[in-house]
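As a plain string of letters, each chain reads:
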Amino acid sequence: MAAHGKSVCRLQGKATCGTRFRKNVSGPGKSRIRKKKNQEREESEKEESEKKNQEKEKSGNGTDMKRKIKDILAAMACFLYEKGILHNRIQVHTIDETIDELLNTEKSMVRFGDGEIVMIKGVDLMLQKAAPEIGEGLARILAWPYDDLLVTIPGIFDTLSDHHKASRQFWKDHLLFCRKTYEKYCNPDRIYYTTFVSRCYYFAADRRNCDRWFAKIRKIWENRDIVIVEGTKTHNGVGNDLFDSAGSVERIICPPKDAYGSLPKITEACMQYGTDRLFLLSVGVAAKFLAVTLFEKGYRVLDIGNLDLEYEWYVRQAAEKMPLEKHEIVGEAANREKAAQDKAYAHYLEQVKCWL
């Protein structure tokens, strides 16, 4: 029994001794290993972070360099055309000449901004996807040969001296990439009118002319029965007096995006009115095609684009571009909710004759 007991004791002692050894050796060892791994991980993360920062800095430097090169090329091209070293064959009437033509005649108007020009090149816009038939159709309208339908383009070919700095840079860049599109499709036998007739506030370095311009524009529809064809967000004239001079106002509300696909329905809704109505269009790219269709059927049509937005900035004397609350109100239900607080929206709902 004693021998058995000693054996047990030795086994227990070994076990005890082994356990004690592992505690003394393994505990601190694990701690050192863990600490080393943490250090290695921190060093690895630091190296990775420095590498990313270096790559970002290189990328940023590359982007800055590309921007500088683009700005230099745009400035050089603009300078050469302004000085007549490069020949510009595209002629554009002034804002006053464009307004006077609309005020003193019954001519219709279709407007081309920068968006329509880049879409001819096949580039998508935020509110309209590009398609070959759209690009080809826009090119045909841009080259329209008859004077009874005014075609407007940006008056940016002779000088940008009347633009403020940010606007000058925007249009210099635009011309750098799109001048060839204008030269290819613009009709050399006509003088175009200016798109700035409906964007006559923000661009201007000297805004003292805006009072006169907007006063004359409001006379175009004085005592006329007008039909506004617009997107669900636009709210032309809501909350301001842009159309207070009109005899009456009715509205056709169109989809906010890709309205080109809804042209058959929009055209049908417009055709419910007689040709005595003056149509004001604010439906993006689709407005170009709608304007031509209605014009050919005997209506007077003015493609006014973002005129209301410019008028809002003018009324508020905004120093920079600013968003409008009314552009966030979308759909009949949202307008009815707003109408409970603001009579302008109740009046708007009374004018809406069709939601498409």
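Computed from a prediction, not measured in an experiment: that's the story for all the values here.

So, about the overall build of the protein chain. When you go through the protein chain residue by residue, the secondary structure sums to 11 helices and 8 strands. In the protein chain, which comprises 356 residues, the share counted as buried stands at 43%. By sequence separation, contacts in the protein chain at least 24 residues apart represent 71% of the contacts at least 6 residues apart.

Now for the pattern of salt bridges. The full count for this structure, using the stated rule, is 21 salt bridges. Residue R67 pairs with D64 through a salt bridge whose shortest N-O separation is 3.0 Å. One end of the pair is R67 and the other is D64, both in helix α1 (residues 2-82) and 3 residues apart, which spans about a single turn. Judged by relative accessible area, D64 falls into the partly exposed class, the value being 35%. For K216, the salt bridge goes to D100, with nearest N and O atoms at 2.8 Å. With a gap of 116 residues between them, K216 in helix α6 (residues 210-219) and D100 in helix α2 (residues 95-104) connect regions that are remote in the sequence.

Here we take up the pairing of strand β2 (residues 149-153). In terms of burial, β2 is a largely internal element, 5 of the 5 residues being buried. Side chains of β2 alternate between two faces, with L149, V151 and I153 and L150 and T152 buried alike.

For strand β6 (residues 278-282), the tally of buried residues reaches 5 of 5 residues, placing the bulk of the element in the interior. Burial of β6 is two-sided: the residues L278, L280 and S282 facing one way and the residues F279 and L281 facing the other way are all buried. Across 5 bridges, strand β4 (residues 225-231) lies against β6 in parallel orientation. Residue pairing for β6: V227 is matched across the bridge by F279. Relative to strand β7 (residues 300-303), β6 runs parallel, the two sharing 4 bridges. Note on β7: the bridge partner recorded for F279 is V301. With helix α8 (residues 286-296) bridging β6 and its parallel neighbour β7, the resulting β-α-β unit is right-handed.

The rules behind the values
Residues numbered from 1 in each chain as written. Predicted model: local features only at pLDDT ≥ 70, side-chain atom pairs only at ≥ 80, totals over all residues. Heavy atoms only, no water. Helix = DSSP H or I, 4+ residues; strand = E, 2+ residues; numbered from the N terminus. Buried < 20%, exposed > 50% of the residue type's maximum accessible area, 1.4 Å probe, protein only. Contact = heavy atoms within 4.5 Å. Salt bridge = Lys/Arg side-chain N within 4 Å of Asp/Glu carboxyl O. Pairing = 2+ DSSP bridges. Right-handed = clockwise from strand over helix to strand, strands pointing away.

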